[in-house]
Amino acid sequence: MNTPDSLAHAHWIRSSYSSGEGQCVEVAPLPAAIAARDSKNPTGPVLVFSPERWAGFIRGVNANDFRP
C-alpha cells in the first residue's frame, strides 16, 4: 500500500515533451504502483495506478485511443 510518506519521498518525473507552461502531468514510480499528479498543484490530489492499469493507459495513449 502507498502511504502519504511514500508519496512525500517519491521522485516525480515530468515528460521531456513538456512545454514548461505549467500544463504538465508528473509521474512517480512507487514500490508497487505508479502515481500521477498535476504539476501546478504538487500538494493536491494524486492518482495511484497498479502497474497493469498504467501499462494499459500507456498502450491506449500510444494507440490514440483517447482522441476525440
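The structure displayed is predicted, hence computed values, not measured ones.

A.B. asks: It is not clear to me how the packing of aromatic side chains should be interpreted in this structure. Could you clarify?
C.D. replies: Within a pair of aromatic rings, the relevant descriptors are the distance that separates the centres and the angle that separates the planes. Evaluation of the coordinates by the stated rule reveals 3 aromatic pairs. Plain terms: the ring middles of W54 and F57 are 5.3 Å apart, the flat faces sit at 40 degrees to each other, and that makes the pair tilted. Remark: F57 and W54 occur in helix α2 (residues 51-62); sequence separation between them is 3 residues, near one turn of the helix. Under the relative-accessibility criterion, F57 is labelled partly exposed at 37%. Joined through ring pairs, the aromatic side chains of F49, W54, F57 and F66 make up one cluster.

A.B. asks: Please explain the environment of L30 as it appears in this structure.
C.D. replies: For L30, the location among the structural elements is in strand β2 (residues 25-30). Residue classification places L30 among the buried positions, given a relative accessible area of 9%. Sequence separation between L30 and S6 is 24 residues, and the spatial gap between their C-alpha atoms is 7.4 Å.

A.B. asks: Can you walk me through the sheet that holds β2 in this structure?
C.D. replies: By definition, the strands of a sheet pair up through backbone hydrogen bonds, in either a parallel or an antiparallel sense. The antiparallel open sheet is built from 4 strands, whose spatial order is β1-β2-β3-β4. The two strands at the open ends of the sheet, each matched to only one other strand, are β1 (13-14) and β4 (47-49). Bridge count for strand β3 (residues 33-38) against β4 is 3 bridges, and the pairing is antiparallel. Counterpart to A35 in the pairing with β4 is V48. Packed onto the sheet, α2 meets β2, β3 and β4 and runs at close to 100 degrees relative to β4.

A.B. asks: I tried to follow unusual backbone geometry on my own but got confused; where do I start?
C.D. replies: Across residues other than glycine, the phi torsion is negative in most instances, and most of the peptide bonds are trans. Even without glycine at this site, N64 takes up a positive phi of about 60 degrees. With respect to the element layout, N64 can be found in the segment after α2.

A.B. asks: How do you make sense of the layout of surface pockets when you look at a structure like this?
C.D. replies: To find the voids left in a structure, one rolls a probe of water-molecule size over its atoms. Its boundaries defined by the atoms lining it, the largest pocket holds a volume of some 160 Å³. Around the largest pocket, the lining residues are V25, V27, A36, L47, F49, W54, F57, I58 and V61. Taken together, the elements giving at least two residues each to the lining of the largest pocket come down to β2, β4 and α2. Looking at the lining of the largest pocket, the element that brings in the most residues is α2, giving 4 residues. The residue makeup of the lining of the largest pocket, split by class, is 9 nonpolar, no polar and no charged.

Conventions and cut-offs
Residues numbered from 1 in each chain as written. Predicted model: local features only at pLDDT ≥ 70, side-chain atom pairs only at ≥ 80, totals over all residues. Heavy atoms only, no water. Phe/Tyr/Trp six-rings, centres within 6.5 Å; stacked < 30°, edge-to-face > 60°. Helix = DSSP H or I, 4+ residues; strand = E, 2+ residues; numbered from the N terminus. Buried < 20%, exposed > 50% of the residue type's maximum accessible area, 1.4 Å probe, protein only. Pairing = 2+ DSSP bridges. Contact = heavy atoms within 4.5 Å. Axes fitted to C-alpha atoms, helices over the stretch in contact; angles between N-to-C directions. 1 Å grid on protein atoms, 1.4 Å probe; cavity = no way out; pocket = protein on both sides within 12 Å on 5 of 7 lines; lining within 4 Å. Points joined across faces, edges and corners; volume = space filled by probe spheres on them. Nonpolar A, V, L, I, M, F, W, Y, C, P; charged D, E, K, R; others polar.

Note that every value here comes from positions in space, so none of it alone points to a role or purpose.
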